[in-house]
Amino acid sequence: MQIAQNSVVAFHYTLTNDAGEVLDSSEGRQPLTYLHGAGNIIPGLEKQLEGREAGEKLNVTVSPEEGYGEVQPQLVQEVPRDSFQGVEAVEPGMQFQAQTQGGPLMVTVTKVEGDTVTVDGNHPLAGQKLNFDVEIAQVREASQDEIEHGHVHGEGGVEH
């Protein structure tokens, strides 16, 4: 069966950046399972998997525009240290959920200088070209419940 809209796809992957550093991998774990066409994975990877079949291996390069987007400078802001009430030590690398006009946004602390904290709301992989080595493990038709819920149920998916 070929991967198409409303297929359930399970695949193993290794994600590297342009320097060849491994950023993520399913090695030693269950394959990543998703509902094709439901926006469950980044658009560039989903587009490259369309029409493929179980057993295929491929290398996919995804541009920032089809991955996690370009870096948006307006998402990097300096905020007062007292915005982090109840947190004793704010340090680079810490993540918080900020309330913005557009709704909740995960931000990462990138710098702390005195009473000023710099936070970045960009995805950590924004602006990067992503390189995937993929092996498709399984392709099957989605159930009506999976289609209605927009995600995979059962093994590798959501149990409810």
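Quick note: structure is the one above.
The rules behind these values
Residues numbered from 1 in each chain as written. Predicted model: local features only at pLDDT ≥ 70, side-chain atom pairs only at ≥ 80, totals over all residues. Heavy atoms only, no water. Helix = DSSP H or I, 4+ residues; strand = E, 2+ residues; numbered from the N terminus. Buried < 20%, exposed > 50% of the residue type's maximum accessible area, 1.4 Å probe, protein only. Contact = heavy atoms within 4.5 Å. Areas by Shrake-Rupley, 256 points an atom, 1.4 Å probe, with all protein chains shown as cover. Pairing = 2+ DSSP bridges. Axes fitted to C-alpha atoms, helices over the stretch in contact; angles between N-to-C directions. Phe/Tyr/Trp six-rings, centres within 6.5 Å; stacked < 30°, edge-to-face > 60°. Core = buried A, V, L, I, M, F, W, Y, C linked by side-chain atoms within 4.5 Å.

Looking only at helices and strands, one finds two helices and nine strands in the protein. Listing the helices and strands of the protein from first to last along the sequence gives β-β-β-α-β-β-β-β-β-β-α. Taken along the three principal axes of its C-alpha coordinates, the protein extends 60 × 40 × 30 Å. The buried share among the 160 residues of the protein stands at 34%. Nonlocal contacts in the protein, meaning residues at least 24 apart in sequence, comprise 60% of its contacts between residues at least 6 apart. Working note: accessible area of the protein is about 9,700 Å², and carbon and sulfur atoms make up 45% of it.

With that settled, consider the sheet that holds strand β6 (residues 95-100). Strand order in this open sheet of four strands is β5-β8-β7-β6, and the pairing throughout is antiparallel. Taken across any chain shown, the strands that pair with only one partner, and hence form the sheet edges, are β5 (76-80) and β6. On average, adjacent strands in this sheet sit at an angle of 45° to one another, irrespective of strand direction.

Attention now goes to the packing of aromatic side chains. For any two aromatic rings, the description comes down to two numbers: the centre-to-centre distance and the angle of the planes. By the definition in use, this model includes three aromatic pairs. Aromatic ring contacts, followed pair by pair, group F11, Y13 and Y34 into a single cluster.

A few words on the nonpolar core. Counting residues in each nonpolar core, the largest one holds 19 residues, and the members touching the most others are F11, L45, L49, F132, V134 and I136. For this core, the secondary-structure elements that each account for two or more residues are β1 (7-16), α1 (43-49), β4 (57-62) and β9 (130-141). Looking at which element gives the most residues to this core, the answer is β9, with five residues. If you look at the next biggest cluster of nonpolar residues, it comprises eight residues, including F84, V90, V107 and V109.

What follows concerns the environment of G67. Structurally, the position occupied by G67 is in the loop between β4 and β5. Between the C-alpha atoms of G67 and V8, which are 59 residues apart in sequence, the distance is 21 Å. Setting aside anything within four residues of it in sequence, one finds G67 in contact with I42, P43 and V62.

Of the pairings in the sheet, the one linking β6 to strand β7 (residues 103-113) comprises six bridges and is antiparallel in character. Within β7, the position partnered with F96 by the bridge is V107. Once β6 ends, the chain turns through two residues before running back antiparallel as β7.

Here we come to the environment of H149. Note that H149 resides in helix α2 (residues 144-149). The spacing of H149 and A38 is 111 residues in sequence and 9.5 Å in space, taken between C-alpha atoms.

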